[in-house]
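# Observations on chain architecture
The chain contents come next:
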Amino acid sequence: MSQKVQSRLGNVPWIPVGAVLLSIGFVAWLVLFAPVFVVRTIQVDGVVILTDVDVKQAVAFADGRPLARVDTDEVAQKVATLAPVQAVKVTRELPSTLHIVIQERTAVAGVKRDNLFHLFDSNAVIFRTAESLPGGLVEVKLPDTGPLDRAMKAAARVVEALTPELRSELVRLEISGPAGILLVLKKDRMVTWGDAEESDKKAKVATALLTRKEKQIDVSVPAIVTIQ
């Protein structure tokens with residue numbers, strides 16, 4: 001080593017540098033390993049269908065771990081396995097809190113099976129059951145055969161397109177096949193819907209015809225409506 005380099009090294013304030021490095025190492029040890037920074041609190045927000053206990057049980061593996069070493073993606077994945085969860089965000093909050101914010105699914109309709117209503121959202125995900133259909137939801141009768149998820153997606157698409165006037169008259173929505181969607185209305189009236197395509201347009205046309213006395217309205221081709 002040249003005398004010039006040795007001279008420069010000799011001028012480095014090694015004691016302060018060492019102190020800084022020791023401080024950084026100590027802080028890192030505190031955050032990663034010290035008991036004061038382990039997960040002691042799991043805060044859950046946004047639950048209505050679920051309970052705090054449901055969520056905390058799903059992420060019990062994180063309790064007591066060093067907060068900095070908790071994989072928030074892993075925690076979010078565990079929470080997402082709970083059926084009512086549509087979206088979840090997990091953050092760390094020093095010194096010892098794991099904060100979980102949940103957005104739950106919103107039911108749009110229900111299918112009756114084995115004396116229970118199986119409620120599903122707009123993505124056709126069944127996420128809870130109820131003994132009676134909650135107010136504001138639509139009862140859907142699905143076909144006995146065929147892919148039910150496709151039928152539920154079609155049902156959800158139609159339900160979301162319904163106008164307030166149609167919803168107020170609706171008794172149930174029946175699906176017998178891909179193009180076999182039927183609205184059963186009060187006073188034995190029926191609206192033949194066809195498939196789920198152009199549901200917004202069909203809803204507007206059917207609503208405009210509600211004042212008619214005829215019992216059957218066919219909007220399966222909304223440009224060519226038939227009534228009987």
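Placed above this text is the structure.
What this report covers is the structure whose coordinates are included nearby. Starting from 1, residues in each chain are numbered consecutively following that chain's sequence as written. Totals for whole chains, interfaces and linings use all residues, but because this is a predicted model, local features are given only for residues with pLDDT of at least 70 and pairs of side-chain atoms are given and counted only at 80 or more. To obtain the side-chain values, all non-hydrogen atoms of the structure were included, while hydrogens and water were left out.

## Digging into the overall build of the chain
Inclusion rule: The helix count covers DSSP runs of H or I at least four residues long, the strand count covers runs of E at least two residues long, and both are numbered beginning at the N terminus. Between buried and exposed lies partly exposed: a residue is buried under 20% and exposed over 50% of the maximum accessible area for its type, with that area taken using a 1.4 Å probe on protein chains only. Should any heavy atoms of two residues lie within 4.5 Å, those residues are counted as being in contact. Areas reported here follow the Shrake-Rupley algorithm with a probe of radius 1.4 Å; residue values treat only the protein chains shown as occluding.
In terms of helices and strands, the chain carries seven helices and 12 strands. Here the chain, with 228 residues, has 36% of them falling under the buried criterion. Within the chain, counting contacts between residues at least 6 apart in sequence, those at least 24 apart form 45% of the total. Element-wise, carbon and sulfur atoms account for 55% of the exposed surface of the chain, whose accessible area totals about 13700 Å².

## Overview of the sheet that holds strand β8 (residues 170-175)
What counts, and what does not: By this definition, two strands are paired if DSSP reports at least two bridges between them. Axes, fitted as lines to C-alpha atoms, cover a helix only where it is in contact. Angles between the N-to-C directions of the axes lie from 0 to 180 degrees.
Taken in spatial order, the nine strands make up an open sheet running β6-β5-β4-β7-β8-β9-β10-β11-β12, and their pairing is mixed. Of all the strands in the sheet, the pair left with one neighbour each is β6 (126-130) and β12 (226-227). Across five bridges, strand β4 (residues 109-113) lies against strand β5 (residues 116-120) in antiparallel orientation. From the neighbouring strand, Lys-112 faces β5, where its bridge partner is Phe-117. In the packing of helix α5 (residues 148-161) onto the sheet, contacts are made with β4, β5, β6, β7 (138-141), β8, β9 (181-185) and β10 (190-194), and the angle to β8 comes to roughly 145°.

## Details of the environment of Val-111
Along the chain, Val-111 falls in strand β4. Val-111 sits 28 residues away from Glu-139 along the chain, and the two C-alpha atoms are 6.1 Å apart. Once residues within four sequence positions are removed from consideration, Val-111 is found in contact with Leu-116, Phe-117, His-118, Phe-120, Val-140 and Leu-142.

## Description of helix α4 (residues 72-80)
Quick reminder of the rule: Of all possible arcs, the one meant is that of the directions from the helix axis to the C-beta atoms. What qualifies as a polar contact is a pair of N or O atoms within 3.5 Å, subject to a donor-acceptor requirement within protein and to the restriction that residues adjacent in sequence count only when both atoms come from side chains.
When α4 is considered as a whole, its buried residues turn out to be Thr-72, Val-75, Ala-76 and Val-79. Projection of α4 onto a plane perpendicular to its axis shows the buried side chains occupying an angular sector of 100°, all on one side. Exposed residues lying more than 90 degrees from the buried face of α4 are Asp-73 and Gln-77. One side-chain oxygen of the residue at the start of α4 lies 3.0 Å from the amide nitrogen of Asp-73, identifying that residue as Asp-71.

## Quick look at the pairing of β4
Linking β4 back to β5 in an antiparallel pair, the connection comprises two residues, with Asp-114 at a positive phi of about 55°. Pairing analysis gives three bridges linking β4 to β7, with the strands arranged parallel. The residue of β7 that forms the bridge with Val-111 is Val-140.

## Things to note about unusual backbone geometry
Note that the residue after Leu-94, namely Pro-95, is joined by a cis bond; omega there is 10°. Summarising the element assignment, Pro-95 is placed in the loop between β2 (85-93) and β3 (97-104). Residues other than glycine seldom take positive phi values, yet Ala-124 does so here, at roughly 65°. Take Ala-124: it is sitting in the loop between β5 and β6.

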